[in-house]
Amino acid sequence: MTACPCCGHAEATAHNRPESHFACPCCGHRWRVAGTGGEACDYSGMSGRNRVPARQLQRKFADRIASVQALLKDRCRILEVGCAEGEFGAMVKGLADVEYVGLEISLDAGIAATRLDRVLNQPAAKLSEGGFDLLLSFHVLEHIPDIGAEIGHWAGLLDSAGTLLVEVPNSAGHPLRDWDSHPEHLHFFSAASLSALFEHAGLAIESLSSGHYESPVYADSLRVTARRALAGQEKNARLLDRFRLCLDGPFVVYGLGGDFRNCVLPVLDQLPVAALVDSDPGRVGERVTEKHLVQAYDPARFAGLPILIASMRFKDEISQGLQATAAAPVKLVGLDAIYEMD
Ligand SMILES: [Zn+2]
């Protein structure tokens, strides 16, 4: 039994047409079988990997720049896996003050070295340095036999807040073809299989889009951006930091509806909550947790304490009501301040 290299589904189906390959019934991934044209090529003696008509090259690079530009920050460190002759990297270097390192295993590495800050003639698995802010790779992953191991290497080369941007052909690479006969291509991704591969590598997808232009033959490509997925404890710690930044010390929570249950209750016991208040007098005395009963709002008792308005929808109404009844001005904080913080 062969398992899917993207989603891990154990029962891939074998096919002999149009060529010998496996297909995953779960995520739609297809891949070639070793021994029937599925071995990795030897790229070390190849050159001119990007040599296509200028119009195609310009269209391809313009499509890529549209996604990459938003990810550029001055002094960020970029690694491009499969940088070819370094033309795209040179274009990116013209847009921001970045350090651009290229990996290229073909002879094109020699030309790229004249355009980029550094070019290494080796695969990502052999790279010992890490901490890159942005890892780019266009039309490389479909050439690599062990894509699970490769994505693991790429994820390991990123800074903890780094972003990975990868593009591959969407299935056959053109909406009017069912099969991709390119002899170097071993993997044929679907949106679902590419997502599953990233998620298995501990990466969280930030965007996934199709229809990206590589060439007339591969006019439909998938592009994904991802970052390291946060573990449950990290999410919790970051959320508590936000509450701390917005509400210093004990505070009152006002409004105990759906937004409260979704956005406050999961961390309620870790917050310095002085009282839970709701505008519905019928709820006074209701037990919310072992520690907290619903209380009526008492401006004199809660004087000086900040109030978290735990309703997105009724924030303005509650805010106006509290300002009208409060004995002294109080600090009012909305859930949007906490959940929309950059
Ligand atoms: Zn699968």
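Residues numbered from 1 in each chain as written. Predicted model: local features only at pLDDT ≥ 70, side-chain atom pairs only at ≥ 80, totals over all residues. Heavy atoms only, no water.

## Quick notes on the sheet that holds strand E1 (residues 13–15)
For clarity, the threshold we go by: Any two strands with at least two DSSP-identified bridges between them are counted as paired. Helix numbering and strand numbering both begin at the N terminus, where a helix is a DSSP run of H or I of at least 4 residues and a strand a DSSP run of E of at least 2.
Taking strand neighbours across the sheet as the criterion, the four strands line up as E1-E2-E3-E9 in an open arrangement whose pairing is antiparallel. Edge positions in the open sheet fall to E1 and strand E9 (187–188), since each of these has one partner strand only. In this structure, E1 lies alongside strand E2 (residues 21–23), joined through three bridges in antiparallel fashion. Bridge pairing links alanine 14 to phenylalanine 22 in E2.

## Things to note about the domain arrangement of the protein
Convention followed: Per the annotation, domain bounds derive from an automatic or database assignment of domains.
According to the domain assignment, the protein consists of domain 1 (40–228) and domain 2 (232–339). The centre of domain 1, based on its C-alpha atoms, is set 46 Å off from the matching centre of domain 2.

## Considering the environment of leucine 197
To keep it simple, the criterion reads: Throughout this description, buried means an accessible area under 20% of the type-specific maximum (1.4 Å probe, protein chains only), exposed means over 50%, and partly exposed covers the range between. By definition, residues are in contact when any of their heavy atoms lie within 4.5 Å.
Structurally, leucine 197 is set in helix H5 (residues 191–200). Look at leucine 197 and you get buried, because its relative accessible area is 3%. It is 6.7 Å that separates the C-alpha atoms of leucine 197 and glycine 148, two residues lying 49 residues apart in sequence. Sequence-distant contacts of leucine 197, that is, excluding residues within four places in its chain, are made with Pro5, Cys6, Leu141, Ile147, Gly148, Ile151 and Phe189.

## Concerning the side chain of aspartate 278
The line we're drawing: In protein, a polar contact means a hydrogen-donor-capable atom and an acceptor-capable atom, both N or O and within 3.5 Å, with residues adjacent in sequence counting only if both atoms are side-chain atoms; elsewhere, any N or O pair within 3.5 Å suffices.
In this structure, aspartate 278 sits in the loop between strand E13 (273–277) and strand E14 (294–295). From its side chain, aspartate 278 meets the backbone nitrogen of leucine 256 in a polar contact 2.8 Å long. In this structure the side chain of aspartate 278 is engaged in a polar contact, spanning 3.0 Å, whose partner is the backbone nitrogen of aspartate 280.

## Quick word on the pattern of salt bridges
For side chains of opposite charge, pairing can occur when their charged atoms come near one another. Threshold: Definition used for salt bridges: Asp or Glu carboxyl oxygen within 4 Å of a side-chain nitrogen of Lys or Arg.
If you walk through the whole model with that rule in mind, you get 15 salt bridges. Across the pair aspartate 117 and lysine 93 runs a salt bridge, and its minimum N-O distance is 2.9 Å. You can see aspartate 117 sitting in the loop between helix H3 (109–112) and strand E6 (118–120) and its partner lysine 93 sitting in helix H2 (residues 87–93), a full 24 residues away along the chain. Using a relative accessible area of 27% as the deciding quantity, one classes lysine 93 as partly exposed. Residue arginine 223 is joined to glutamate 167 by a salt bridge in which the shortest nitrogen-to-oxygen separation is 2.7 Å. Taken together, the residues arginine 223 in strand E11 (residues 221–228) and glutamate 167 in strand E8 (residues 158–169) connect sequence positions 56 residues apart. We classify arginine 223 as buried; its relative accessible area is 2%. Within the structure, one salt-bridge network assembled from shared partners comprises Arg77, Glu99, Arg118 and Glu129.

## Section: the packing of aromatic side chains
Put simply, the test is: Stacked, tilted and edge-to-face pairs are distinguished by plane angle, under 30 degrees for stacked and over 60 for edge-to-face with tilted covering the rest, among Phe, Tyr and Trp rings (Trp via its six-membered ring) whose centres lie within 6.5 Å. Lysine and arginine charges are scored as sitting over a ring when NZ or CZ, respectively, is within 6 Å of the ring centre and within 35 degrees of the ring normal.
Applying the stated criterion to the full structure yields six aromatic pairs. Seen from their ring centres, phenylalanine 22 and tryptophan 31 are 5.7 Å apart, and the 35 degrees between their planes marks the pair as tilted. Per residue, the accessibility class of phenylalanine 22 equals that of tryptophan 31, and both read buried. In textbook terms, an aromatic cluster arises when at least three aromatic residues are bridged by ring pairs, as seen for Phe61, Phe88 and Phe138. Above the ring of tyrosine 213, the side-chain terminus of arginine 59 is found at 3.9 Å from the ring centroid.

## A few points about the coordination of the zinc ion
Six octahedral donors at a metal ideally form angles of 90 or 180 degrees, and four tetrahedral donors ideally form angles of 109.5 degrees. The criterion, for reference: With water omitted from the atoms examined, metal sites may look incomplete; donors here are N, O and S atoms no farther than 2.8 Å from the metal, or 3.2 Å in the case of Na, K and Ca. Think of it this way: with four donors and all angles in the 85 to 135 degree range, the site is tetrahedral; with four or six donors, opposite ones beyond 155 degrees and the rest between 65 and 115, it is square planar or octahedral; otherwise it is irregular.
The protein atoms that coordinate the zinc ion are Cys4 (SG), Cys7 (SG), Cys24 (SG) and Cys27 (SG), at distances spanning 2.3 to 2.4 Å. Angles of 102 to 116 degrees at the metal separate the four donor atoms of the zinc ion, which places the site in the tetrahedral class. Sequence spacing of the donors to the zinc ion: C-x2-C-x16-C-x2-C. A residue pair is termed long-range when its members are at least 10 positions apart, and cysteine 7 in the segment before E1 and cysteine 24 in the loop between E2 and strand E3 (30–32) qualify at 17 residues. With respect to burial, cysteine 7 and cysteine 24 carry one shared label: buried.

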